[in-house]
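# Observations on the model geometry
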Amino acid sequence: VELGSKFKYKKLRFNISGFVSFIDNAIDEVGSTWDGKTEIEGKPVIKRANKKNGVYRGVSGFAKAKLPWFTMSAGVTAIEGYYLTEKSGSGEEQKTPARRVPPVYGKISVKRELPTYNSFVKVTTIFAKRQEQLHSSDLKDLRICETSLHSGVLQEDCSGSAGWYTINVDSGYK
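Counting across every chain of the model gives seven salt bridges. A salt bridge links Asp 28 to Lys 52, with the nearest nitrogen and oxygen atoms 2.8 Å apart. Within this pair, whereas Asp 28 is found in strand β2 (residues 12-31), its partner Lys 52 is found in strand β5 (residues 46-66), the two being separated by 24 residues in sequence. No difference in accessibility class separates Asp 28 from Lys 52, as the two residues are buried. For the salt bridge of Arg 130 with Glu 132, the shortest nitrogen-to-oxygen distance reads 3.4 Å. Shared partners join several salt bridges into a network, and the residues in it are Lys 111, Glu 113 and Lys 174.

By the secondary structure assignment, His 135 is in the loop between β9 (119-128) and α1 (142-145). Look at His 135 and you get buried, because its relative accessible area is 4%. Within polar-contact distance, the side chain of His 135 engages the side chain of Asp 28 at 2.6 Å. Each residue touching His 135, except ones within four places of it in the same chain, is listed here: Asp 28, Glu 29, Tyr 83, Pro 97, Ala 98 and Arg 99.

Definitions and cut-offs
- Residues numbered from 1 in each chain as written.
- Predicted model: local features only at pLDDT ≥ 70, side-chain atom pairs only at ≥ 80, totals over all residues.
- Heavy atoms only, no water.
- Salt bridge = Lys/Arg side-chain N within 4 Å of Asp/Glu carboxyl O.
- Helix = DSSP H or I, 4+ residues; strand = E, 2+ residues; numbered from the N terminus.
- Buried < 20%, exposed > 50% of the residue type's maximum accessible area, 1.4 Å probe, protein only.
- Polar contact = N/O pair within 3.5 Å; in protein donor to acceptor, adjacent residues only side chain to side chain.
- Contact = heavy atoms within 4.5 Å.

Rendered as structure tokens:
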């Protein structure tokens, strides 16, 4: 299910949308064997299988304003995903984070047109919030939970990846 709305007034534009998806038999990791072993070099053998129900929901927004001297725009997206599993014997459902769900992320930019010189200058920042809701496989992923760059060693208590941002400056001639 997805709902959205757009609004435009003169030189202002806004978009917002939200969605929710219910997934039967979502793909997740399950324990497995290889050559009769459940572990290889201390790491568990896993396979991907359809086994759980999942829910993904999110919201995304965008705004743009063309002002006399410059144009500003901003967009942000937030997504949550989780699997529903039954607690052993209780009959109650338990939520566990889904795999590879991005944290809140977005982009903000300011652009200045220079018509006299047929050119423009634009400053943009792209960002992502700290990723804290981790699936069990994310906790074993060196890209997320490595102790230090290229160490090959997982953190004992991984709390997620750090937030980040970039600042970009673009210019061009028409």
